[in-house]
Amino acid sequence: MPSNLICIGAIAGSFGVQGEVRLKSFCTEPTDIASYGPVFTEDGQTSYKITLTRPVSGGLGARISGVTTKEQADDLRGVNLYVDKKKLPKLPDDEFYHADLIGLAAFDTGGVELGRVHAVHNHGAGDLLEITGPSLKSALLLPFTLAVVPTVDLGAGRVILDLPEGLD
């Protein structure tokens with residue numbers, strides 16, 4: 001996947017019989033998914049223009065360019081939608097796009113490298129960093145809070161972790 005693309009949503013399935021799709025938006029303001037211009041598939045090769053039609057259960061109803069039948073919409077179920085990172089708003093210093101965190105080296109407060117940020121998860125209660133590395137018996141899932149992750153240094157490619165008691 002081109003490194004400049006950020007996932008902002010996914011096609012959750014068809015909606016109706018005339019090619020409308022149900023979108024799941026990953027944007028802070030869900031309707032912003034249609035405001036960044038064309039969206040791309042993961043490989044960056046296919047683009048779609050999104051026109052939102054209405055709110056629907058579990059997401060947003062939308063028409064996407066080139067999709068006119070329920071069967072075409074069904075075929076796109078599960079497709080993630082990406083935009084060029086340059087089109088997204090600049091974040092304040094204490095906020096980060098998940099894609100910027102993945103791959104960063106993870107160190108404890110003593111300077112010992114624990115591994116790397118393998119993924120960022122959010123199950124509704126806040127972001128969790130998944131840290132993996134050869135020195136770890138299993139992946140660590142840590143809350144992405146200032147108390148646990150006091151330092152994120154994108155320039156140096158690292159995060160500093162203040163591990164909760166019992167994990168060090």
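Up top you'll find the structure we're talking about.
Residues numbered from 1 in each chain as written. Predicted model: local features only at pLDDT ≥ 70, side-chain atom pairs only at ≥ 80, totals over all residues. Heavy atoms only, no water.

This brings us to the side chain of glutamate 20. Within the fold, glutamate 20 resides in the loop between strand E1 (5–14) and strand E2 (21–25). Overall, the relative accessible area of 7% leaves glutamate 20 in the buried class. At a separation of 2.2 Å, a polar atom in the side chain of glutamate 20 contacts the side chain of threonine 53. Ignoring sequence-local partners within four residues, the contact set of glutamate 20 consists of Ser14, Phe15, Thr53, Arg54, Gly61, Ala62, Arg63 and Ala73. (Helix = DSSP H or I, 4+ residues; strand = E, 2+ residues; numbered from the N terminus. Buried < 20%, exposed > 50% of the residue type's maximum accessible area, 1.4 Å probe, protein only. Polar contact = N/O pair within 3.5 Å; in protein donor to acceptor, adjacent residues only side chain to side chain. Contact = heavy atoms within 4.5 Å.)

What the largest pocket holds in volume is close to 1,200 Å³. Residue lining of the largest pocket: 36 residues in total, with Leu91, Phe96, Tyr97, His98 and Asp127 positioned closest to the centre. Where the lining of the largest pocket is concerned, the elements lending two or more residues are E1, helix H2 (98–101), strand E9 (113–122) and strand E12 (151–153). Broken down by class, the residue content of the lining of the largest pocket amounts to 24 nonpolar, 6 polar and 6 charged. In this structure, the second largest pocket occupies an estimated 180 Å³ of space. Here the lining of the second largest pocket is composed, by residue class, of 7 nonpolar, no polar and 5 charged. (1 Å grid on protein atoms, 1.4 Å probe; cavity = no way out; pocket = protein on both sides within 12 Å on 5 of 7 lines; lining within 4 Å. Points joined across faces, edges and corners; volume = space filled by probe spheres on them. Nonpolar A, V, L, I, M, F, W, Y, C, P; charged D, E, K, R; others polar.)

With that settled, consider the pattern of salt bridges. Across all of its chains, the model carries 3 salt bridges by this definition. A salt bridge links aspartate 74 to lysine 70; the shortest N-O distance between them is 3.1 Å. Of this pair, aspartate 74 and lysine 70 are both found in helix H1 (residues 70–75), 4 residues apart, which corresponds to roughly one turn of the helix. The exposure class assigned to aspartate 74 is partly exposed, which follows from its relative accessible area of 35%. Overall, the relative accessible area of 29% leaves lysine 70 in the partly exposed class. (Salt bridge = Lys/Arg side-chain N within 4 Å of Asp/Glu carboxyl O.)

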